[in-house]
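Descriptive analysis of the structure
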Amino acid sequence: MSLLVVGASHRSSDLELLERLAVPADERRKVLRELVDLEHVLEAVVLSTCNRVEVYVDLAKFHPGLDEVTSYLAARAGDRADDFLDSHEVAYDLDVATHLFRVAGGVESMVVGERQIAMQVRDAMELARHEGTARRMLQRLFRQSVRVGRRLRHETAISAGGSSMVEVALATVAEQQVLPDHPASLIVGAGKVGSLAAQRLAAGDDLCVWNRSADKAARLAARHGATVVDDLVAGIAAADLVVCTTGAATPLLTRDTVGSRGDRPLVVVDLAMPHNVERDVADLPGVRVVGLAEVRAAADQTLQDGVLREALDLVDDEVAGFSAWMSAIEVAPTIRALRRRAESVRTDELQRLASRLATLSDDQRQAVDALTEGILNTLLHQPTIRLKERADDGTAQVVVDALRDLFDLDDGPVPPASAGTPG
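What you are looking at is a predicted structure, and each value in this text was computed from that prediction instead of being measured.

For soluble globular proteins, nonpolar side chains are generally found buried alongside one another. Core analysis: the biggest nonpolar cluster contains 97 residues, and Phe-84, Val-121, Leu-141, Val-269, Leu-271 and Phe-322 have the highest contact counts within it. If you tally residues by element for this core, the top one is helix H14 (residues 305-352), at nine residues. In this structure Leu-141 touches Leu-3, Val-96, Ala-97, Leu-100, Phe-101 and Phe-322, once residues within four positions along its chain are discounted. By size, the runner-up hydrophobic cluster in this structure holds 21 residues, among which are Ile-236, Cys-244, Ala-248 and Leu-284.

Below, the discussion takes up the packing of helix H8 (residues 165-176) against helix H9 (residues 192-201). For the pair H8 and H9, interaxial distance at closest approach is 9 Å and the crossing angle is 50°. As judged from the angle between their axes, H8 and H9 are oblique. You can see that H8 and H9 cross each other, and the crossing is right-handed. Every residue of H9 that contacts H8 at Val-166, Glu-167 and Leu-170 is listed here: Val-193, Leu-196, Ala-197, Arg-200 and Leu-201. Tallied by class, the residues present in the contact of H8 with H9 amount to six nonpolar, no polar and two charged.

Moving on: the sheet that holds strand E3 (residues 52-59). In a beta sheet, neighbouring strands are held together by backbone hydrogen bonds and run either parallel or antiparallel to one another. Here we have four strands laid out as an open sheet, ordered E2-E3-E1-E4, and antiparallel in their pairing. At either end of the open sheet lies a strand with only one pairing partner, and these are strand E2 (41-48) and strand E4 (89-92). Between one strand axis and the next, the sheet turns through 15° on average, direction left out of account. Sheet topology places strand E1 (residues 2-9) next to E4; four bridges connect them, and they run antiparallel. The residue of E4 that forms the bridge with Gly-7 is Glu-89.

Our next topic: the pattern of salt bridges. If the charged atoms of two oppositely charged side chains come close together, the side chains can form a pair. Under the counting rule described, the total for this entry stands at 30 salt bridges. A salt bridge links Lys-30 to Glu-34; the shortest N-O distance between them is 2.7 Å. Pair noted here: Lys-30 and Glu-34 are both in helix H2 (residues 28-36), with a separation of four residues, about one helical turn. Owing to a relative accessible area of 27%, Glu-34 belongs among the partly exposed residues under this scheme. Across the salt bridge formed by Asp-240 and Arg-264, the nearest N and O atoms sit 2.9 Å from each other. Pair noted here: Asp-240 is in the loop between helix H11 (232-238) and strand E8 (241-244) and Arg-264 is in the loop between helix H12 (255-258) and strand E9 (266-270), with a separation of 24 residues, a long-range link. The exposure class of Asp-240 is buried, given its relative accessible area of 9%. A relative accessible area of 32% means that Arg-264 is categorised as partly exposed.

If you walk across this open sheet you meet the six strands as E7-E6-E5-E8-E9-E10, and the pairing is parallel. Of all strands in the sheet, those with a lone pairing partner are strand E7 (227-228) and strand E10 (287-290), marking the two edges.

For the rest of this paragraph, the subject is helix H7 (residues 136-155). With 20 residues, H7 extends 28 Å from end C-alpha to end C-alpha; this agrees with the ideal 28 Å at 1.5 Å per step. Among the residues of H7, Met-137, Leu-138, Gln-139, Leu-141, Phe-142, Gln-144, Ser-145, Val-146, Val-148, Gly-149 and Leu-152 are the ones counted as buried.

This part is about the confidence of the model for the protein chain. Averaged over every residue, the pLDDT of the protein chain is 87; the share at 70 or more is 92%. When the criterion is pLDDT under 50, residues 412-423 qualifies, and its contacts beyond four places in sequence or with other chains add up to 20 contacts.

Burial runs high along strand E5 (residues 184-188): five of the five residues are buried. Residues Ala-184, Leu-186 and Val-188 point to one face of E5 and Ser-185 and Ile-187 to the other, with burial holding for every one of them. Of the pairings in the sheet, the one linking E5 to strand E6 (residues 206-210) comprises five bridges and is parallel in character. Following the sheet pairing, Ala-184 is matched in E6 by Asp-206. Strand direction decides the pairing type here: E5 and E8, joined by four bridges, are parallel. Paired with Ser-185 across the strands is Leu-241, a residue of E8.

Here the focus is H2. Within H2, the full set of buried residues consists of Val-31, Leu-32 and Leu-35. In an axial view of H2, the angular spread of the buried residues amounts to 100°, which keeps them on one side of the axis. If you follow the buried residues of H2, they end up packed against E2, E3, helix H3 (62-76) and helix H6 (116-131).

Looking now at the packing of aromatic side chains. Inspection of the entire model under this criterion finds four aromatic pairs. Each member of the aromatic cluster is reached from another via a ring pair, and the members are Phe-101, Phe-322 and Trp-325.

What counts and what doesn't
Residues numbered from 1 in each chain as written. Predicted model: local features only at pLDDT ≥ 70, side-chain atom pairs only at ≥ 80, totals over all residues. Heavy atoms only, no water. Core = buried A, V, L, I, M, F, W, Y, C linked by side-chain atoms within 4.5 Å. Buried < 20%, exposed > 50% of the residue type's maximum accessible area, 1.4 Å probe, protein only. Helix = DSSP H or I, 4+ residues; strand = E, 2+ residues; numbered from the N terminus. Contact = heavy atoms within 4.5 Å. Axes fitted to C-alpha atoms, helices over the stretch in contact; angles between N-to-C directions. Parallel < 35°, antiparallel > 145°, perpendicular 65-115°, else oblique. Left-handed = near helix turned anticlockwise from the far one by under 90°. Nonpolar A, V, L, I, M, F, W, Y, C, P; charged D, E, K, R; others polar. Pairing = 2+ DSSP bridges. Salt bridge = Lys/Arg side-chain N within 4 Å of Asp/Glu carboxyl O. Expected span 1.5 Å × (residues − 1). pLDDT = per-residue confidence, 0-100. Arc of directions from axis to C-beta. Phe/Tyr/Trp six-rings, centres within 6.5 Å; stacked < 30°, edge-to-face > 60°.

Here you go:
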C-alpha cells in the first residue's frame with residue numbers, strides 16, 4: 001500500500017502543457033476507470049483545475065505503479081511528453097497528505113487562500129467515490145483534506161482577502177478601462193466558476209447566461225436575476241464582456257461565433273481549462289482576450305509570513321493525525337493475526353479437553369467458554385493498546401516484527417468467532 005501523487009501545476013508547467021494534461025468534466029469517469037485498470041493501481045482520484053492536473057493513487061507496488069501513472073500522464077501530454085517528464089511533480093506517502101492538505105486550503109493556489117479549490121477537491125473525491133475508484137485510503141485522505149481546508153479558512157487568516165480567479169480576472173479587466181460603465185455581460189457556462197462570475201457581475205444592469213445545458217443556465221440565471229440566452233452567437237453579439245467557464249473539450253468561441261464587432265469593443269475572459277476561446281479570436285479587431293496566463297501574472301500572492309507559517313503549522317498537525325491513522329492500518333493485520341493465533345490455541349485446548357468436559361451441563365460448558373475467552377481478551381488487551389500507541393508515535397515496526405517472529409503469525413482470514421480486536 002503506497003500513496004502517490006503525480007501531476008503538474010502552475011508552479012512547474014506552462015499553461016499550454018497544463019491544457020494538454022487537463023481532464024475535461026465529461027472525460028473524468030473514463031480516465032478514472034483507465035487508471036484503476038493499470039496493473040498496480042488500487043485506487044485513483046483525479047484533480048483537474050485551471051492551475052493543476054494531479055492524479056492521486058494508492059498502489060499495490062510503488063515503483064511499477066509510479067512508472068504506470070507517469071507514463072499515462074505523459075501520453076496525455078502528446079508531443080510535449082518530454083516536457084512533462086522533465087517538469088512533473090511527484091510526492092509519496094505522507095508527503096501526499098501534506099501536499100493535498102495545502103492544496104485544499106489554498107496554500108498552493110496561484111491566488112493564495114482562494115476558496116474555489118476546496119469545492120474542486122471535494123468534487124474530485126465525490127466523483128471517484130461514486131465511480132468506485134476511491135475507497136478506504138483515498139476517501140480518508142480526501143475527506144480529511146476537505147476538513148483541513150475548512151479549518152484553514154476558519155482558524156487562520158489564509159483566506160483574508162483571498163480572491164478567486166474570477167475576481168482577479170475581472171479586476172484586471174476593470175484596470176484596463178476598456179468597458180463602458182454598465183457593460184452587457186454574458187457568462188458562458190453555468191458551473192461553479194460560472195456561478196462565481198454571476199455573483200460578481202450580478203450588480204450590473206445587463207447579465208446573461210448561456211450553457212450547453214439549458215436547465216443549468218436557467219437555474220443560475222434565476223439565482224442572480226439574469227437572462228438565459230439560447231443562441232450563443234447572438235449572446236456574444238449583444239455583449240460587451242464575455243466570461244467563459246465551461247468544461248468543454250474544444251473551444252466554443254471561434255472567429256465565426258465572435259464575428260465582426262465594428263466599432264464596439266469586446267472583452268473576453270477565458271477562465272476555462274482547456275481554453276474555451278480559440279487563440280486567433282484575439283486577432284479580431286476590437287476584441288481583447290484575457291486568458292489564464294494574464295490572470296496568473298496579475299494574481300496577488302502576497303501574504304504575511306506569520307499567516308503562512310500558522311497555516312503550515314496547522315497542516316503539519318493534520319498530517320500527524322493522518323500518519324497515526326495510516327500506522328494504525330499497518331498494525332491492524334498483526335493485531336488480527338495475534339488474535340487469530342490466540343483464539344486457535346484456546347479452541348484447540350477446549351477440543352483436547354472435550355472428553356473431560358463431557359459431563360458438564362450446557363450452562364457449565366458456556367461458562368467455561370466465556371471464562372477462557374475472557375482470559376484471552378484480558379491477556380491481549382494491553383499488548384493491543386501498546387501496539388496502537390507505538391503506531392501513533394511511529395515506532396510500531398520493531399514490535400510488529402517481533403510479534404510476527406515470536407508467534408509465527410500470518411495474515412490469513414480472521415475466523416468469525418474472533419472477528420475484531422480486543423480492547
